[in-house]
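Each chain, written out:
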Amino acid sequence: MIIKYKTDPKGKYRRKTVEPGITVAQFVDLVKDNLKYDVYAARINQVVDSLDTILSTDSELELLDMRTQVSKLIYQNSLNLIYIKAVDDVCPDCEVEIETALSKGIYTEIKKNGKIVNLSEKKIAAIEERMYQLVEADLPFNREVVSRETAIEFLKANNREERMYLLESVPNMEKVKFYSLDGYKDSFYGSMVPSTKYIKRFKLTKYRKGVLLRFPQPEDPNSIPEHVDEVKLFGAYMEQSEWDELLGVRYVSELNHKVEKGEYEDLIQLSEALHEKKVAQIADMIKRGHKRLILIAGPSSSGKTTFARRLCVQLRVVGLNPLYMGTDDYFVEREETPLDEHGEPNYEGIEAVDVKLFNNNMNDLLAGKEVDLPSFNFLTGHKEYGKRITKIEPNQPIVIEGIHGLNDDLTKFIPKEEKFKIYISPLTQLNIDMHNRIPATDERMLRRMVRDYQFRGHSAKDTISQWPKVRAGEDVNIFPYSDEADVLFNSYHVYEIAVLKKYAEPLLEEIKQGEPEYADARRMLRFLRFFQSIEDDSMIVNNSIIREFIGGSIFVK
């Protein structure tokens, strides 16, 4: 039979003749000399499947490495199980809590009787050594699908209550997937590689009272990135954990319970009140520090516009009268736009901004001068003048929202003492259960999907297909500067996926098998199954960040 294969979506297909009945993993071994990176899954005739899938007819294969979201998640799932098994071997009385993404890895906590165990460096090294032993042994990840009733019985017998409660709160889930490794068995909701030998690169690092599980990232699949201590990001996660304890929602099962019992209105009000309190605190910090240039940046679908507008309201409450503006009017002239590596216009790089003009305008405003601010005409690709003649008072702050707000290259000619930088992002702390986390990138994609359909005429297919490019731009222009911020605002609401579900599900269902976006659509639909839907969202206030995505916002028309 003839297999046409490629390793890049934009690459050309190669052809290879093989005997029917081989697995994808065996085929990968045959063509490994043509591969730049290790492969963890394959798109077979436009359907993503695992490496143990048998090839029996002529097929088209796209071999998926760490540069794709699906392979990154498969690697993480497999690595997590190796880690959990190693902890169980080295510290048999302890259990692992997979917490959140941090410092190019996953922050985890080792607990005993519900309390964090502050492991020594020596003990962490022993866990890492055991992990490498498991990898060297090339042990299989055994997959088993059981009935919901069988799964609940197993989880109850093994004291895994939060998983059991989750299944009880999702009555339409008839089948549950378990994976086992060397005698350790648990429910995992993502896919895994065939065996431990595929998980070659990882590093355990002691961090605060927990452990960082670090591994390669899409930008460099063959190495573990250097550890960068994201202090502010960690602090925001810890604050959100405290908020979740206050709200009584740490796992999806607890959210489902509140939705099922009709107790979500109080949850929404408390969550919104926490946001408002945080925005007010930031406004107080700005006034105390006599800051005049407020720079706001964050990844896609963070709620930057709503946050900026709410901050302006709170600044007025403390006696300031902010000028609100964005940086989109400072694009270079269209013909000066830099090109990316594919020869296409790169509108997201700092080189696409007229930095000199921006700095001159801001410094003149801060000096009390009258300034003719540009308006960028996106149809002609040129800046226009004469429409925004502006002057500000001596104590009047300027609130600026823009992709490069935290990058000092944007404001390099403005005195540091004038600047106050805010990083905004939804930092998800709600997890499915102890071993299955919700990636923040998936939550942001849900937000963007709903917003793009509601207000921009884009389908879910459009959003999914553009997401890798969006993420790549964030990795270059936003995430590296997050710790430059003076304060980090977490725009996440613990209730929001239960609200987004009813908007997103029908959009995802429209993506058909055979389309490149189908695999991600099915993955998102499987993930949304765990949530009870909040059908009536009328109690969400009109200045909520969520309104920016579902509609009804007083700030976003």
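All of the points below concern the structure found in this document. The structure displayed is predicted, hence computed values, not measured ones.

**What to know about the packing of aromatic side chains**
Each aromatic ring pair is described using two quantities: the centre-to-centre distance and the angle formed by the ring planes. Taken as a whole and assessed by the stated rule, the structure comprises 16 aromatic pairs. Measuring from centroid to centroid gives 5.1 Å for Tyr207 and Phe234, while their planes differ by 80 degrees, and the two rings are edge-to-face. In this pair, Tyr207 is assigned in strand S14 (residues 203–207) and Phe234 in helix H6 (residues 231–247), connecting sequence segments 27 residues apart. According to the relative accessible area criterion, Tyr207 is buried, its value standing at 3%. These aromatic residues form a ring-pair network of at least three members: Phe331, Tyr347, Phe376 and Phe378. When the ring centre of Phe178 is taken as reference, the NZ or CZ atom of Lys185 above it lies at 5.3 Å.

**Details of the environment of Ser103**
With respect to the helices, strands and loops of the structure, Ser103 is situated in the loop between strand S8 (95–102) and strand S9 (105–112). Owing to a relative accessible area of 2%, Ser103 belongs among the buried residues under this scheme. The residues contacting Ser103, other than those within four sequence positions of it, are Leu212, Arg214, His227, Val228, Asp229 and Glu230. Within polar-contact distance, the side chain of Ser103 engages the backbone oxygen of Val228 at 2.8 Å.

**Considering the sheet that holds strand S22 (residues 487–490)**
Within a beta sheet, neighbouring strands are joined by backbone hydrogen bonds and run either parallel or antiparallel to one another. Taken in spatial order, the five strands of this open sheet run S17-S20-S16-S21-S22, and their pairing is parallel. The open sheet is flanked by strand S17 (323–326) and S22, the only strands paired with a single partner. Direction aside, neighbouring strands of the sheet carry axes that sit 20 degrees apart on average. The pairing of strand S16 (residues 293–297) with strand S20 (residues 398–401) spans four bridges and is classified as parallel. Counterpart to Ile296 in the pairing with S20 is Glu401. Helix H8 (residues 264–288) rests against S16, strand S21 (419–425) and S22 of the sheet, and its axis sits at about 160 degrees to S22.

**Describing the packing of helix H11 (residues 440–456) against helix H13 (residues 496–509)**
Their axes nearest at 9 Å, the elements H11 and H13 cross at an angle of 60 degrees. Classified by the angle their axes make, H11 and H13 are oblique. Regarding H11 and H13, the two cross each other, and that crossing is left-handed. Across the interface between the two elements, Glu443, Leu446, Arg447, Met449, Val450, Tyr453 and Gln454 from H11 touch Glu496, Ile497, Leu500, Tyr503, Ala504, Leu507 and Leu508 from H13. Along the lines of polarity and charge, the residues of the contact of H11 with H13 split into ten nonpolar, one polar and three charged.

**Observations regarding the sheet that holds strand S12 (residues 175–181)**
Strand order in the open sheet formed by three strands is S11-S12-S13, and the pairing between neighbours is antiparallel. The open sheet terminates on both sides in strands that have one partner only, identified here as strand S11 (142–147) and strand S13 (184–187). Taken pair by pair, the neighbouring strands of this sheet meet at an average axis angle of 30 degrees, ignoring direction. Pairing geometry for S12 and S13, over four bridges, is antiparallel. Within the sheet, the bridge partner assigned to Ser180 lies in S13 and is Lys185.

**Comments concerning helix H12 (residues 460–477)**
Taking 1.5 Å of rise per residue, 18 residues should cover 26 Å, and H12 covers 25 Å from first to last C-alpha, within 8% of that figure. For H12, the principal kink sits at Trp467 and spans about 40 degrees; a proline, Pro468, occurs within the next four residues. Listing the buried residues of H12 in full gives Ala460, Thr463, Ile464, Trp467, Val470, Arg471, Gly473, Glu474 and Asn477. Considering only its buried residues, H12 is in contact with helix H2 (69–90), H11, H13 and helix H14 (518–528).

**A look at the nonpolar core**
In terms of nonpolar packing, the biggest core is built from 58 residues, with Phe27, Leu61, Leu63, Tyr83, Ile127 and Met131 touching the most fellow members. The leading source of residues in this core is H2, at ten residues. Aside from chain neighbours lying at most four places away, what touches Leu63 is Tyr5, Lys6, Thr7, Val28, Val31, Leu35, Val39, Ala41 and Ala42. Among the nonpolar cores identified, the runner-up in size contains 57 residues, and Val170, Val176, Ile497 and Met539 belong to it.

**Side note on the packing of H8 against helix H9 (residues 304–317)**
When two helices pack together, their arrangement is given by the angle between the helix axes and by the axis-to-axis distance. For the pair H8 and H9, interaxial distance at closest approach is 9 Å and the crossing angle is 60 degrees. With respect to their mutual orientation, H8 and H9 come out oblique. The chirality of how H8 crosses H9 is right-handed. Here Glu272, His275, Glu276, Val279, Ala280, Ile282, Ala283 and Ile286 of H8 lie close against H9, whose contacting residues are Phe307, Arg310, Leu311, Gln314 and Leu315. Per-class residue counts for the contact of H8 with H9 are eight nonpolar, two polar and three charged.

How each quantity is defined
- Residues numbered from 1 in each chain as written.
- Predicted model: local features only at pLDDT ≥ 70, side-chain atom pairs only at ≥ 80, totals over all residues.
- Heavy atoms only, no water.
- Phe/Tyr/Trp six-rings, centres within 6.5 Å; stacked < 30°, edge-to-face > 60°.
- Helix = DSSP H or I, 4+ residues; strand = E, 2+ residues; numbered from the N terminus.
- Buried < 20%, exposed > 50% of the residue type's maximum accessible area, 1.4 Å probe, protein only.
- Lys NZ or Arg CZ within 6 Å of the ring centre and 35° of its normal.
- Contact = heavy atoms within 4.5 Å.
- Polar contact = N/O pair within 3.5 Å; in protein donor to acceptor, adjacent residues only side chain to side chain.
- Pairing = 2+ DSSP bridges.
- Axes fitted to C-alpha atoms, helices over the stretch in contact; angles between N-to-C directions.
- Parallel < 35°, antiparallel > 145°, perpendicular 65-115°, else oblique.
- Left-handed = near helix turned anticlockwise from the far one by under 90°.
- Nonpolar A, V, L, I, M, F, W, Y, C, P; charged D, E, K, R; others polar.
- Expected span 1.5 Å × (residues − 1).
- Bend = angle between axes of the 7 residues up to and from the residue.
- Core = buried A, V, L, I, M, F, W, Y, C linked by side-chain atoms within 4.5 Å.

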